[in-house]
Each structure stands twice: as structure tokens, then as C-alpha cells.
Amino acid sequence: MSATAVRRLLPQVTDWRAVRRQPGRDLLAGLTVAVVALPLALGFGVASGLGAAAGLVTAVVAGALAAVFGGSNLQVSGPTGAMTVVLVPIVAQFGPGGVLTVGMLAGLILILLALVRAGQVARYMPAPVIEGFTAGIAGVILLQQIPTALGVHVQGERVLALAGQAVAAFVRQPQWPSLLIAAAVAAAMLAGARWRPTAPFSLLAVAAATVTTAMSGSPVQTIGVLPASLPAPSLAFLDLAAVPALATAAIAVAALAALESLLSATVADGMSVGQRHDPDRELFGQGVANLVTPLFGGVPATAAIARTAVNVRAGAASRLAALSHALILALLMFVAAPLVSQVPLAALAGVLIATAIRMVEVSALAALARASRSDGLVMALTAATTVLLDLVTAVLVGLVVAGGLALRRIAQAVRLDRVPLDTGDHHAEEQALLAEHIVAYRLDGPLFFAAAHRFLLELSEVAEVRVVILRMSRVSTIDASGALVLRDVVQRLERRGITVYLSGIRDGHHKALIAFGLLPRLSGLGRVFPDTAEAIAAARAVLGQLDRTRDDSVNP
């Protein structure tokens, strides 16, 4: 690994040039995200099994480090619900020390992935998968906020079932103040975004909801008591003896962090204008964040799509927003804990509901659905799987289905066309004889496993000819399946007394044809030619010789 490759992953001076353009907007965006991130950090910390303090530490430490070392100007990192699902069984089996050890191991894996430039793979993510993932995440965010917006407390693992339980609990015992607060904040944000997009309506709406609730004395749930300070860094938690047993969990955590972070960065690029992230630097930033955060007792972190969306919609234009979000959270821990503790959770639910609605670009979804039915299917399937199962499964399902449909389209595009023979200046009788006994077929496109058997069926139906010339110059690629089927086709035709010639085999295609013995055998028989004209001449000569031999035997 060269020093240049390592320096490429480190923070650059150019990362901070955008800070000087509109620092006020970035600071306001950071403050808005901090207000939204605070209860989420506390809640995810509790859900992970390590406590509220661990979640807040993660938001501060991982949020700051990922902002400095990451590859996106808009990304906001911290504890997430998807990561919590992975951590719960680790806590149950290995305890808090196991979770922190897994976090450090995952950080090392992410740094290694960045060094080998694995982040570039995300550039090949199909658009329907990204749009479906975004729409699904928006649905998950909205469903997650329903219990808080309705002022009820329910427990469960699946967001759809959880939302249904919340609605049922609300019907039995309505909590109108919470619902009114969430609806008012969401409506203010959505209306304000249309009227003046650059204004921090989310912050204003949350502040107004907090003041109104305090003055009216409405019985709504608030954030509550905050931890007073960050713990001192320590290595005492490391469970080195359990590292072999934790390796699989660390790989899963690293994969989730990489997947969620890269997709979140891609979504952030799509929500903004002129922003493009560096996927390898993003992996490196997440690796550094996860390597250091456990030293302070924090849980594994990743980019948070909901907070990133809030950041973008609040007007963020540089890394200052994400960095200030982490610093503001740290400051709130020390100086404003009593004030922040009074913010209604329903107000924050309203912020996230509005954010989820604004994440969905209806025009982009409609365009993909109109483009083709297969793209619409992939998009809908990815979105539904995200809501019903989890984001990792959703992306895998989307990629598999998209890949299968793409292979199907490619396979259908492969053509086997009968082409006219270039017979040159010959008598009409010779042309009639050639047309009757020799036929040439041109193969267009890739001859691979998805198309090979259709090719076999088509070519095996050739009838009433003595010579078949296969023109290979337009075959783009041949894999093992294609070479095997081509050999089978030649053997089937030969068993019917039809001689097969190959012409125009491209460089790079010989290896597969040699591996199955087809090319050496036909070359030995003199049936492989660089171009079709030579193959035609050879076929004509052979047929002429056979016809003369037959005539001599009939008329001795």
C-alpha cells in the first residue's frame, strides 16, 4: 500500500473551502440536526442495551470523527436503528464488552476496505435499488415515529406491526396533545419548505412546541434527564479472548456500516445540488469513527439517513454542519441539559415525519416506474423489503432481482441471424448451389450462460444444408457455458452430417473454446478461419470435391 494511497484517504484542505461560503447556514443546520439527533441517540443507546449515555457518546464522538475523516460533505453519523438490531444479540451473548470490541474490530475492517478501494463498488448500485431503498427508509422513519406522535408506548421489532399497535392503543386511549404537537410541527416544516426553503422551520417549530407545551402544562413526554459528561477513554472493556468468536459479528457490523453509509451518502448527493461523495474516504471515516468511539464507551456507528436528510433539508453545504451537530450535542450535555430535557418527543417525531415525506422524490419514482416495468418492480420490491424486513436484506434482494432482470434483457438481446453469403463473381448456377447447401449465421452479443441455451435451440433447428459457417466477429464475450453449448451445437450438427466452420474469432475468446476442446479439434480439421470469405472459399472447395467424387462414383 503506497503512501499516496493512504494520503488520499486523509482529510484535505479542499474539504473545508465550502465552509467559508455560508457558515451561518451550516451552523443552523448543525443545530437543527443536533436537536433531532439528541433523542434518537439516547433512544438507540437504550435499545442497544448499553444505556442512553452510550448512545449520546456515539453521536458526539463518531459524529465528529466521521465529519472530519469521511468522504461526504453532508453526511451525519451516529447510532442508528438498523445497527441496534444487530447489536442486541451481541449484548445478550457477550455483554457490553463484546459490543465495544465488535465496534473496534468493525472499524479496522472498514479501514481495510477503504485501503483496497472497496467503496468504488457502490457506484454500480442500480438507480431503482437506490430509489426504492430511499423510499423504504422514508417509510420506516415515518412508521417509527407513529408511536411517539400518538403519545403511546408500545414494544416490538417490526415497524409496521409497531405502528399498528400504536394506532390501536391510541384508539383505546387517545393522547391528543402529542398528536397535535407532532402534526403542527410537521405541517409547519412542510409548508415552510415551500414558502422559504432556506429558513430553519424545523428548529423554529420545535422551539415553539417546547415553549407552548411548557406554558400550557400539557402532559406530554419530554426528553428527560441527560448524562452530565463524556467518560474518559479506556481500553479496559476489550474482551480479547472473545475476538475469534466475535469475528463474524464484526464482519456483519462492518458490512452494515459500509452499506448504510454509502447508500446514505448516495441519497444525500441526490437530495443536494453539486455534491458528490468519495466512497473510499467515507469508509475510512466510518472506520476511524468506529475504531475510536468504543474507547469512550460508545456503540458501533454508521451514517444516519434520517439525520443526514434533516441536515440537507436544513440547508447544510459543508462538513461544518455535521461537525457542529456533534459539538452542539457535547455542549448540550454540559450546559443546557435542563432546557433540552423539556423538548417534547412528539415535536421531534413531527420533524422526522416531515423529513420522511420530503425524502421521497415522487417525480423520480414516477420516472423510474414509467421507464420500464422491471425497474418499477425492482424499486417497489426494494422499498417493500426495507419496510417489512431490514435494509441489508432489501438491498440484497434489490440487487439480485435487478441483476436477474438485467441478465434476462442481455440474453434476449443476443441474436443469431442468417446472413447472405458473399459469393463474389460466380455463375448463377454456382450461386444457386451455394444458397442451397451453405448457410452462414452471425452471432451478435455475449454468448454466456443466460443466453447459451436459447442459442442452442435456435441453431439446432438448422435443416437442409451441408455446411454451416458461424461468424464470431461480433460476439462480445464467451464464458464457460457459452463455449460448452457451442461445442454441443457443433457436435449435434455434425451428427446430422452438417460440417461447421468458425470464422472471425476475436482475441480473448480462444481460451474458453480451447478449454472444451472445440477450437483444437476444428483447427486440426481446417475449419477455423480469420474471416468469413476464407471460410466460404474452403466450404465451396470441399463441397465441390465431394460432388466430383460422388459423380465419379456414379459415372465411372
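Before reading further, recall that the structure is shown in the block above.
Below: a short report on this structure.

Describing the overall build of the protein
In step 1: Per the secondary structure count, the protein includes 23 helices and 8 strands.
In step 2: Taking the principal axes of the C-alpha coordinates as reference, the protein spans close to 120 × 50 × 45 Å.
In step 3: Across the 556 residues in the protein, those meeting the buried criterion constitute 51%.
In step 4: Relative to all contacts within the protein whose residues are 6 or more apart in sequence, the contacts with residues 24 or more apart total 83%.
In step 5: Within the structure as shown, the protein displays about 25,200 Å² of accessible surface, and the carbon and sulfur contribution to it stands at 63%.
In step 6: The centroid of the 40 positive side-chain charges in the protein is displaced by 10 Å from the centroid of its 32 negative side-chain charges.

Quick word on the side chain of Thr213
In step 1: Tracing the backbone through its elements, the reader meets Thr213 in helix 8 (residues 201-216).
In step 2: Its relative accessible area of 9% is what places Thr213 among the buried residues.
In step 3: Not counting residues up to four positions away in its chain, the partners in contact with Thr213 are Ile181, Ser218, Val220 and Pro344.

Side note on the environment of Phe133
In step 1: Relative to the assigned elements, Phe133 resides in helix 5 (residues 127-150).
In step 2: Among the residues examined, Phe133 registers a relative accessible area of 0% and is labelled buried.
In step 3: With 247 residues separating them along the chain, Phe133 and Ala380 place their C-alpha atoms 9.1 Å apart.
In step 4: With sequence-adjacent residues up to four places away left out, Phe133 is seen in contact with Leu263, Ile305, Thr382, Thr386, Leu391 and Val395.

Examining the pairing of strand 5 (residues 467-471)
In step 1: Of all 5 residues that make up strand 5, 4 are buried, and the element is covered over most of its length.
In step 2: Bridge count between strand 4 (residues 438-447) and strand 5: 5 bridges; the pairing is parallel. From the neighbouring strand, Tyr441 faces strand 5, where its bridge partner is Leu470.
In step 3: In the sheet, strand 5 pairs with strand 7 (residues 499-503) via 5 bridges, with the strands oriented parallel. If you follow Leu470 over to strand 7, its bridge partner there is Leu502.

A closer look at the nonpolar core
As a rule of thumb, nonpolar side chains are buried together in soluble globular proteins.
In step 1: Of all hydrophobic cores here, the largest spans 108 residues; its most connected members are Leu38, Ile90, Val185 and Ile223.
In step 2: If you tally residues by element for this core, the top one is helix 9 (residues 243-271), at 14 residues.
In step 3: Residues Leu416, Tyr441, Leu470 and Ile498 belong to the second largest nonpolar core, which totals 28 residues.

Observations concerning helix 16 (residues 373-388)
In step 1: End to end, helix 16 covers 22 Å across 16 residues, agreeing with the expected 22 Å (1.5 Å per residue, within 8%).
In step 2: What helix 16 keeps buried is the set Ser374, Asp375, Gly376, Val378, Met379, Thr382, Ala383, Thr385, Thr386 and Val387.
In step 3: Against helix 5, helix 6 (159-172), helix 15 (362-371) and helix 17 (391-413) lie the buried residues of helix 16.

Points about a nonpolar patch on the surface
In step 1: A surface patch of nonpolar side chains, about 270 Å² in accessible area, is lined by Leu160, Leu388 and Leu389.
In step 2: Along the polypeptide, Leu388 turns up in helix 16.
In step 3: Take Leu388: its relative accessible area is 48%, and that puts it in the partly exposed class.

Focus on the packing of aromatic side chains
The geometry of an aromatic ring pair is captured by the separation of the ring centres together with the interplanar angle, meaning the angle of the planes.
In step 1: All chains considered together, the criterion is met by 3 aromatic pairs.
In step 2: Taking 5.2 Å as the distance between ring centres and 80 degrees as the angle between the ring planes, the aromatic pair formed by Phe170 and Trp176 counts as edge-to-face.
In step 3: Looking at Phe170, the relative accessible area reads 10%, which means it is buried.

Points about the pairing of strand 4
In step 1: The element strand 4 is extensively covered by neighbouring structure, given that 9 of its 10 residues are classed as buried.
In step 2: Note that strand 3 (residues 415-419) and strand 4 share 5 bridges and pair antiparallel. For Asp417, the partnering residue across the bridge sits in strand 4 and is Arg442.
In step 3: Both strand 4 and strand 6 (residues 475-478) contribute to a ladder of 2 bridges, which runs parallel. Looking across to strand 6, one finds that Leu447 is bridged to Ile478.

Looking at the packing of helix 7 (residues 176-195) against helix 8
In step 1: Orientation of helix 7 relative to helix 8, taken along the N-to-C sense of each, is 150 degrees, at an axis distance of 9 Å. With respect to each other, helix 7 and helix 8 are oriented roughly antiparallel. The handedness of the crossing between helix 7 and helix 8 is right-handed. Residue-level inspection shows Ile181, Val185, Ala188, Met189, Gly192, Ala193 and Trp195 of helix 7 in contact with helix 8, the latter providing Phe201, Ser202, Ala205, Ala209 and Thr213.
In step 2: Tallied by class, the residues present in the contact of helix 7 with helix 8 amount to 9 nonpolar, 3 polar and no charged.

Quick notes on the pattern of salt bridges
In step 1: As enumerated under the stated definition, the model contains 7 salt bridges in all.
In step 2: Across the pair Asp444 and Arg474 runs a salt bridge, and its minimum N-O distance is 4.0 Å. Of this pair, Asp444 sits in strand 4 while Arg474 sits in the loop between strand 5 and strand 6, and the two are 30 residues apart along the sequence.
In step 3: Relative accessible area serves as the criterion here: at 45%, Arg474 is assigned to the partly exposed category.
In step 4: Of the charged contacts in the structure, one is a salt bridge between Glu494 and Arg527, with a shortest N-O distance of 2.8 Å. Taken as a pair, Glu494 in helix 20 (residues 480-495) and Arg527 in the loop between helix 22 (518-524) and strand 8 (528-529) lie far apart in primary sequence, 33 residues in all.

Quick notes on the rules
Residues numbered from 1 in each chain as written. Predicted model: local features only at pLDDT ≥ 70, side-chain atom pairs only at ≥ 80, totals over all residues. Heavy atoms only, no water. Helix = DSSP H or I, 4+ residues; strand = E, 2+ residues; numbered from the N terminus. Buried < 20%, exposed > 50% of the residue type's maximum accessible area, 1.4 Å probe, protein only. Contact = heavy atoms within 4.5 Å. Areas by Shrake-Rupley, 256 points an atom, 1.4 Å probe, with all protein chains shown as cover. Lys, Arg positive; Asp, Glu negative; His and termini not counted. Charge placed at Lys NZ, Arg CZ, Asp CG, Glu CD. Pairing = 2+ DSSP bridges. Core = buried A, V, L, I, M, F, W, Y, C linked by side-chain atoms within 4.5 Å. Expected span 1.5 Å × (residues − 1). Patch = residues over 30% accessible without salt bridge, like charges linked within 9 Å, V, L, I, M, F, W, Y side chains within 5 Å. Salt bridge = Lys/Arg side-chain N within 4 Å of Asp/Glu carboxyl O. Phe/Tyr/Trp six-rings, centres within 6.5 Å; stacked < 30°, edge-to-face > 60°. Axes fitted to C-alpha atoms, helices over the stretch in contact; angles between N-to-C directions. Parallel < 35°, antiparallel > 145°, perpendicular 65-115°, else oblique. Left-handed = near helix turned anticlockwise from the far one by under 90°. Nonpolar A, V, L, I, M, F, W, Y, C, P; charged D, E, K, R; others polar.

In short, shape yes, function no, at least from these values alone.
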